[in-house]
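# Tertiary structure, described
Each chain is listed here by its residues.
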Amino acid sequence: MKKIIYRTILSLIILCLITVIYVSIFGVKTDSFNQKIISQIKQVEPNIDLRLNDVSAKLDLINFRVNLKTIGTDLIYRNKLIKFETVKSNISIKSFLNKKFSLTDISISTKSLVIKDLIAFIRLLNDDPKLFIAEKLIKKGYLVADLKLEFDDSGKIKKNYKFNGLVKDGKIDLFKKYDLNKIDFIFEINEENLRFNDIKITLNNKNILIPELTASKQNHEYLISGKLNTNNTSLTKNEINNIVNNEFLELDIQEILFNSKNNFQFKIGKDFKIKDLNLKSDINLKNLKLKNFLNLKNIFPKIKKDIEFKNQNLNLEYKNDEFSLVGSGDIYLQNKIDKIEYNILKKKNEIKFRSKLKILQNPFKIDFLNYKKNKNSSLELNFLGKKNIKERLILNEVSLKEKQKVITIKNLILSNDNKINDLTNVNIDYIDVDGFKNNLKLSKKKNDYLISGDSFNISNIIDELLDSGSDNNLKFFNKNFKIDFDVKKIYLNKDNTINTLRGFLFLNKNEISELELESNFSNNEN
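Residues numbered from 1 in each chain as written. Predicted model: local features only at pLDDT ≥ 70, side-chain atom pairs only at ≥ 80, totals over all residues. Heavy atoms only, no water.

Before going further, it helps to examine unusual backbone geometry. Not every positive phi belongs to a glycine, and asparagine 320 is a case in point at roughly 50°. The topology assignment puts asparagine 320 in the loop between strand 16 (306–319) and strand 17 (322–332). Backbone geometry places aspartate 321, a non-glycine residue, at a positive phi of 65°. As for its position among the elements, aspartate 321 is in the loop between strand 16 and strand 17. The exposure class of aspartate 321 is partly exposed, given its relative accessible area of 40%. (Helix = DSSP H or I, 4+ residues; strand = E, 2+ residues; numbered from the N terminus. Buried < 20%, exposed > 50% of the residue type's maximum accessible area, 1.4 Å probe, protein only.)

Take the side chain of asparagine 457 next. In this structure, asparagine 457 sits in strand 28 (residues 448–457). Take asparagine 457: its relative accessible area is 0%, and that puts it in the buried class. At 2.8 Å, the side chain of asparagine 457 forms a polar contact with the side chain of aspartate 432. A polar side-chain atom of asparagine 457 sits 3.0 Å from a polar atom in the side chain of serine 459. With sequence-adjacent residues up to four places away left out, asparagine 457 is seen in contact with Asn370, Asp432, Asp434, Phe436, Asn438 and Tyr491. (Polar contact = N/O pair within 3.5 Å; in protein donor to acceptor, adjacent residues only side chain to side chain. Contact = heavy atoms within 4.5 Å.)

Right, let's talk about the environment of lysine 267 for a bit. On the secondary structure map, lysine 267 appears in strand 14 (residues 253–268). Accessibility expressed as a relative area gives 23% for lysine 267, which makes it partly exposed. When residues no more than four places from it in sequence are discounted, the contact partners of lysine 267 are Gln218, Glu221, Tyr222, Leu223, Lys273, Ile274, Lys275 and Asp276.

Residues Phe364 and Tyr371 are the most contacted members of the largest nonpolar core, which totals 54 residues. With five residues, strand 29 (residues 481–491) is the single largest residue contributor to this core. Setting aside anything within four residues of it in sequence, one finds tyrosine 371 in contact with Phe364, Lys365, Ile366, Leu379, Leu400, Glu402, Lys405, Ile407, Tyr430 and Val433. Val66, Leu147, Tyr161 and Ile201 belong to the second largest nonpolar core, which has 49 residues in total. (Core = buried A, V, L, I, M, F, W, Y, C linked by side-chain atoms within 4.5 Å.)

Considering all chains together, one arrives at 18 salt bridges under this definition. For lysine 217, the salt bridge is made with glutamate 191, and the minimal N-O distance between the two is 3.9 Å. Highlighted residues: lysine 217 in strand 12 (residues 206–218) and glutamate 191 in the loop between strand 10 (178–190) and strand 11 (193–203), separated in sequence by 26 residues. According to the relative accessible area criterion, glutamate 191 is buried, its value standing at 12%. (Salt bridge = Lys/Arg side-chain N within 4 Å of Asp/Glu carboxyl O.)

On to the environment of lysine 111, then. Tracing the chain through its elements places lysine 111 in the loop between strand 6 (103–110) and strand 7 (113–114). A C-alpha to C-alpha distance of 9.1 Å links lysine 111 and glycine 72, two positions 39 residues apart in sequence. Not counting the four nearest positions on each side in its chain, lysine 111 is found in contact with Lys83, Phe84, Glu85, Leu143 and Val144.

Our focus in this paragraph is the confidence of the model for the protein chain. When pLDDT is averaged along the protein chain, the result is 81, and 80% of the positions lie at 70 or above. When mean pLDDT is compared element by element in the protein chain, strand 26 (residues 425–431) scores highest at 95, while helix 7 (residues 246–249) scores lowest at 50. (pLDDT = per-residue confidence, 0-100.)

The full count for this structure, using the stated rule, is 11 aromatic pairs. Ring centres of phenylalanine 504 and phenylalanine 506 lie 5.7 Å apart, and the angle between their planes is 75°; on these two criteria the pair is classed as edge-to-face. For phenylalanine 504, a relative accessible area of 15% corresponds to the buried category. Look at phenylalanine 506 and you get partly exposed, because its relative accessible area is 29%. For the cation-ring pair, lysine 405 lies above tyrosine 371, with the distance from its terminal atom to the ring centre recorded as 5.2 Å. The ring of phenylalanine 504 is capped by lysine 482, whose NZ or CZ atom sits 4.9 Å from the centre of that ring. (Phe/Tyr/Trp six-rings, centres within 6.5 Å; stacked < 30°, edge-to-face > 60°. Lys NZ or Arg CZ within 6 Å of the ring centre and 35° of its normal.)

Right, here's the structure in full:
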């Protein structure tokens, strides 16, 4: 009898073990949990309906719970149908035995879904501002995603949700000027962060790659950071006007072609206003064509109607309302290629700049100085200065260098109407077109000036004065001052020379109010 009892007990134990092992490995299909799962979901949103197929239940003794899974679930909300691939959940065995059935968590894997429908559903469960922003901006697209929610003891959703997946063929309505479509990316969203990777976007028919983009919650704002790359992006004048107003740039840009790698960061609030923008960009500007705004044909004889910048390597930074741009490359200001370098820094209302233009095989001349570049030599123009946006332009140094020829100007201050407010020094040392040596210096002494030197050719200056149709062309200054002269030789033309020019003149409102000069002509006449 005892053997029968022992065998019976042993058989029951073995049967239970086999049952437990089978249920743990293979599970059982049942619809016993369907109504309870639906009831639990309805505690979150009563208007949601679930159509569940048979649920597969597996025993998890390690965590002392039952794992539930069903395939092919339909979610119905406001007569809209959303199809899920799988729904998984877990039930605490302890709560089940105590007849206090509740889901500890639920995981949903979707089929290909319409994005807006899924976002609307998620907002029912957790009306997070990030989801509101997404729902407003996204107009089209499909996604496959996994959503995981956890419930507390009272059946409410915890804030540690996880939502990840991928988006295909998206479309975002970001103002009328910007057409963003063919959007593909991978995403991961939780309570604190939104993370996007491998974002591919077509913006106004231009391809853009964003390797990564994150949005982190900080109090009532979101910190947005990421990377953005462009490759062979070309824009016409109309396309540029759609992105940014050319009048704002004060440049009439005709076309542009570039590659770029950009790192950016900014904050955005509930009012969608952007602040604390931080941008770093490496740009390969293959071509930039703009209408020539420079009236400099008298200096650049072959100047073109359009200025073209080519093969420019640019480093751009923007932070806390400070902007810097460093670049170099080729420029077609005239018919042949020249080289240009530049460094621009904008801080508050002040712009500082440094630039170098290297003229290779193009012509260059300054008629009133009888200066002309040798076609077989290169010439460098250097500019160093700053400008207050609403006030004057200060050129700390302007220099021209061509082999042994040098012209420098220091501390030239120009008003908004491009008249001279002040300057401290001018040095001239070159041989001009007529073969005359020009060696002259202008230096400031208190409020007045001294012009001194060995020799200077003024033949073209005289011609300019005689040919000037309006005295407005000669009104260069915004101040009254005295000029003292001490020049050893002045060339009036090829045949006439003045020796030892000394004296002074007073300039009052751009007119000579007093003049006293003495010199000796080359034929010894005074």
